[in-house]
Amino acid sequence: MKKGIHHHQIGEGVDTYLLIKNAKRGIASNGKPFLTLHLSDKTGEIEAKLWGISPEDEATFLSGTVSHIQGEVQDFRGMRQLKIKAIRPTSSMDQVKPDDFLPSAPRNKDEMLEEVTQYIFDMQNAKIQRITRHLFKKHQKAFSVSPAATKNHHEFVSGLLYHVVSMLQLAKNISSLYPTLDKDLLYAGVILHDMAKVKELSGPMATQYTIEGKLLGHITIMVNEIEEAANELGIEGEEVLVLQHLVLSHHSKGEWGSPKPPLIREAEMLHMIDNIDAKMNMLDRTLDRVLPGEFSERVFAMDNRSFYKPTFHEKPIDL
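All values reported here derive from a predicted model rather than from experimental measurement.

1. Overview of the side chain of His271
Mapped onto the secondary structure, His271 falls in helix H10 (residues 265–287). On the basis of relative accessibility, which here comes to 10%, the residue His271 falls in the buried class. Not counting residues up to four positions away in its chain, the partners in contact with His271 are His250, His251, Ser252 and Trp256.

2. Quick notes on the UniProt feature "domain: HD" (unreviewed entry) in the protein chain
The feature "domain: HD" (unreviewed entry), as given by UniProt, occupies residues 163–279 in the numbering adopted here. End C-alpha to end C-alpha, residues 163–279 measures 11 Å, and it is 67% helix and 0% strand.

3. Points about the pairing of strand E2 (residues 33–41)
Here E2 lies mainly inside the structure; eight of its nine residues are buried. Relative to E2, strand E1 (residues 13–27) is paired through eight bridges, and the arrangement is antiparallel. Its bridge partner being in E2, Lys24 is matched across the sheet by Thr36. The antiparallel hairpin formed by E1 and E2 contains five residues in its connecting segment, where Gly31 sits at a positive phi of about 85°. With seven bridges connecting them, E2 and strand E3 (residues 44–50) associate as antiparallel partners.

4. Here's the deal with the pattern of salt bridges
Between side chains of opposite charge, a pair can form as their charged atoms come close. Applying the stated criterion across every chain, the model contains 14 salt bridges. Notably, a salt bridge pairs Lys138 with Glu225, separated by 3.3 Å at the nearest N-O pair. Separated by 87 residues along the polypeptide, Lys138 in helix H3 (residues 126–143) and Glu225 in helix H8 (residues 217–233) bring together distant segments of the chain. For Glu225, a relative accessible area of 3% gives the class buried. Between Lys199 and Glu225 there is a salt bridge, with its nearest N and O atoms 2.7 Å apart. Placement of the pair is Lys199 in helix H6 (residues 197–200) and Glu225 in helix H8, with a sequence separation of 26 residues. On the accessibility criterion, Lys199 (29% relative accessible area) is partly exposed. Bridged by salt links that share partners, the residues Arg80, Arg289 and Glu297 form one connected network.

What counts and how
Within any chain, residue numbers begin from 1 and follow the written order of that chain's sequence. With pLDDT at 70 or above as the cut-off, local features in this predicted model cover only qualifying residues; side-chain atom pairs require 80 or more to be listed or tallied, and sums for whole chains, interfaces and linings still use all residues. Excluding hydrogens and water, the side-chain values take into account all heavy atoms of the structure. A run of DSSP states H or I qualifies as a helix once it reaches four residues; a run of E qualifies as a strand once it reaches two. Both are numbered from the N-terminal end. Each residue is assigned to one of three classes by its accessible area relative to the maximum for its type, calculated with a 1.4 Å probe on protein chains only: buried under 20%, partly exposed between the two thresholds, exposed over 50%. The contact criterion used throughout is that any non-hydrogen atoms of two residues lie within 4.5 Å. UniProt positions are given in the numbering used here, feature names are shortened, and annotations may be inferred rather than shown by experiment. At least two bridges found by DSSP between two strands are what make those strands a pair. For this document, the term salt bridge refers to a Lys or Arg side-chain nitrogen within 4 Å of an Asp or Glu carboxyl oxygen.

Below you can see the structure in the form of structure tokens.
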């Protein structure tokens, strides 16, 4: 059985089918066009360059299509990159489907949806519960399969839902340690903070930013949706304003895309929980393909650092 693209080391050959998640045209220094391809299978993805392309190539190797590729994994400025030696589009004879090449969350989506529903059911504040339940039901179908991003963290099928469930578990444990936190507010912030990514992003297949996503962004979209939900449900009060603040401030800083910094205790905690889960997801998947005693490729979203995997991590722990 062939191993997935995520687990190929530098210098290893590749001879397999891969999904073109994204294809972007560029112009090389010699004036000739090329394609930057983001290729994936169920284990992860890798970037590749297709040089000296023709108009026919541009029309053939499109986002959302599967190709058979032969090549070699190389190091490019601290990052893995696939050097393509041969590529051809698939045909009906290959019997492959794009869905078969999409990485997905490690948990069943129906189980995760049920878990989120239980957190909403347990909320004591009726206003917060009703708004959260209303928006969760409204977007549940797209929410269950949407990635959390186009790259960096949870960029896979049901990635957004998996991110939220992981954050809810963190929030529950942290709330037991710090009982001054309002659990209803924190849970609602976790569930709602990225929910509008179902509108910001095009979906799990060849994920791109939508026009609404580019012009407004998920923060603005959800702040508006919270107000609309409150009006539709006839809900008034400070809860509405505070829920909007949690969404507005969850990126924490203006340079990180946050219109407001956290000014409420639960908003500060929401940002930290979001940051923990996103970074752990990046680190786990990065170090998963690193051998003990070696450094990873550079992680652009984490200050372009290269992380070391200690050798003793592979040894049984002697208590």
